[in-house]
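Tertiary structure, described
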Amino acid sequence: DAKTTQPNSMESNEEEPVHLPCNHSTISGTDYIHWYRQLPSQGPEYVIHGLTSNVNNRMASLAIAEDRKSSTLILHRATLRDAAVYYCILNSYSGAGSYQLTFGKGTKLSVIP
Amino acid sequence: NAGVTQTPKFQVLKTGQSMTLQCAQDMNHNSMYWYRQDPGMGLRLIYYSASEGTTDKGEVPNGYNVSRLNKREFSLRLESAAPSQTSVYFCASNNKQVRGNQPQHFGDGTRLSIL
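Below is a summary of the structure that appears in this document.

Scoring rules and cut-offs
All residue numbers refer to position in the chain's written sequence, counted from 1. Working convention: letters from A go to chains and numbers from 1 go to ligands, in the order in which they are written. The predicted nature of this model means local features are confined to residues of pLDDT at least 70 and side-chain atom pairs, given and counted, to a pLDDT of 80 or more, with totals for whole chains, interfaces and linings taken over all residues. As a rule here, side-chain values cover all heavy atoms of the structure and leave hydrogens and water aside. Helix and strand assignments come from DSSP, with helices taken as H or I runs of at least 4 residues and strands as E runs of at least 2, each series counted from the N terminus. Note that the radius of gyration is over C-alpha atoms, with the globule rule given as 2.2 Å times the number of residues to the power 0.38. Burial classes: relative accessible area under 20% of the type maximum marks a residue as buried, over 50% as exposed, and values in between as partly exposed (1.4 Å probe, protein chains only). Only four residue types enter the tally: Lys and Arg on the positive side, Asp and Glu on the negative side; His and the chain ends are excluded. Charge placement uses NZ in Lys and CZ in Arg. For Asp and Glu, CG and CD serve respectively. What makes two strands pair is DSSP finding at least two bridges between them. Note on contacts: a residue pair qualifies if any of its non-hydrogen atoms lie within 4.5 Å across the two residues. Buried area is understood as the total, over both parts, of accessible area removed when two parts are fitted together, assessed with a 1.4 Å probe. A side-chain nitrogen of Lys or Arg and a carboxyl oxygen of Asp or Glu constitute a salt bridge if their distance falls within 4 Å. Each polar contact in these results corresponds to two N or O atoms within 3.5 Å; when the atoms are within protein, one needs to be able to donate a hydrogen and the other to accept it, and residues that are neighboring in sequence are counted only if both atoms are side-chain atoms. Charged residues are taken to be Asp, Glu, Lys and Arg, nonpolar residues to be Ala, Val, Leu, Ile, Met, Phe, Trp, Tyr, Cys and Pro, and polar residues to be all remaining types, Gly included. Pairs of cysteine sulfur atoms within 2.5 Å are identified as disulfides in what follows.

Secondary structure summary: chain A contains 0 helices and 10 strands in total. Taken from N to C terminus, the helices and strands of chain A fall in the order β-β-β-β-β-β-β-β-β-β. The C-alpha atoms of chain A give a radius of gyration of 14 Å, which matches the 13 Å a tight globule of 113 residues would have. Taking all 113 residues of chain A together, the buried fraction comes to 46%. Charged side chains in chain A number 9 positive and 10 negative. The centres of these two groups are separated by 6 Å.

Next up, the structure:
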């Protein structure tokens, strides 16, 4: 299975931008890069995904390296509500028309008021 | 707009008891998934159903069975609960994936304790 590597934890000050890195050196050409976050005592929440180009949505931006071996999730202005565990995941083909997410431990983001 | 609904939210069982966790989605999604999450860990896939009428094993299927009752509902059964199955269980769903670009939508989880 394709794997990702993320820092265990990061801190950010409230209202400042946050850059969450992810390495995925064994990514295959067809793997989409997905980001989810999990707030305390809740299920994971989809944030953003991309294949090759940088992506933006209302929650965040995703910057993908040209060689696709790393990516960065950008929260433009951290709020206290953004404190969560962020998972970088490769949505990989698992056969018979199925794709699977393989969760690692993610990065725990703390936001300081 | 309920999304993915899991019942019950909490449950305590004794070792050896059986239990069925229910999951329903109202987004007309083809695929559904069951995960477990142990403290301090990421989610691990137990079983999934790529489409109505099909089920397949994930990373940690031992001790569990599943039923894709119809397109909306996907249940997880513990036939003889063991303390090692104490965990938080999450159900998820998404549209049929052609290229791996469909996000999964998760329920709020069932917190299961087995004594």
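The next point concerns the sheet that holds strand β2 (residues 18-23) of chain A. The strand order across the open sheet formed by 4 strands is β2-β7-β6-β5 (chain A), and the pairing between neighbours is antiparallel. Single-partner strands in this sheet number two, and they are β2 and β5 (55-56) of chain A.

Chain B puts 23 residues into the contact, and the matching count from chain A is 22 residues. The junction of chain B with chain A conceals about 1,800 Å² of combined surface from both sides, 51% of it contributed by carbon and sulfur atoms. Here chain B and chain A share 0 salt bridges between them. At the junction of chain B and chain A, the tally comes to 6 residue pairs in polar contact (both at pLDDT 80 or more). Here the side of chain B that touches chain A is built from residues that sort into 11 nonpolar, 9 polar and 3 charged.

Tallied over the full model, the rule gives 6 salt bridges over all chains. Of the charged contacts in the structure, one is a salt bridge between B:Arg36 and B:Asp38, with a shortest N-O distance of 2.9 Å. Of the charged contacts, one joins B:Glu79 and B:Arg77 as a salt bridge, the two residues approaching to 3.1 Å between their closest N and O atoms. Relative accessible area serves as the criterion here: at 43%, B:Glu79 is assigned to the partly exposed category. Taking the relative accessible area as the measure of exposure, B:Arg77 reaches 29% and is therefore partly exposed. Each member of the salt-bridge network shares a partner with another, and the members are A:Arg37, A:Glu45 and A:Asp82.

Moving on: the state of the cysteines. Under the counting rule described, the total for this entry stands at 2 disulfides over all chains. Linked covalently through their sulfurs, A:Cys22 and A:Cys88 form a disulfide whose S-S length is 2.1 Å. Disulfide A:Cys22-A:Cys88: torsion about the S-S bond near -80 degrees, hence left-handed. Of the two residues, A:Cys22 sits in strand β2 while A:Cys88 sits in strand β8 (residues 84-95), which places them 66 residues apart along the sequence. Accessibility assignment for this pair places A:Cys22 and A:Cys88 in one class, buried. Between the sulfur of B:Cys23 and that of B:Cys91 lies a disulfide, 1.9 Å long from S to S. Between B:Cys23 and B:Cys91, the S-S torsion sits near -75 degrees, and that sign places the bridge as left-handed. Pair noted here: B:Cys23 is in strand β3 (residues 19-25) and B:Cys91 is in strand β9 (residues 87-94), with a separation of 68 residues, a long-range link. The burial state of B:Cys23 is the same as that of B:Cys91; both residues are buried.

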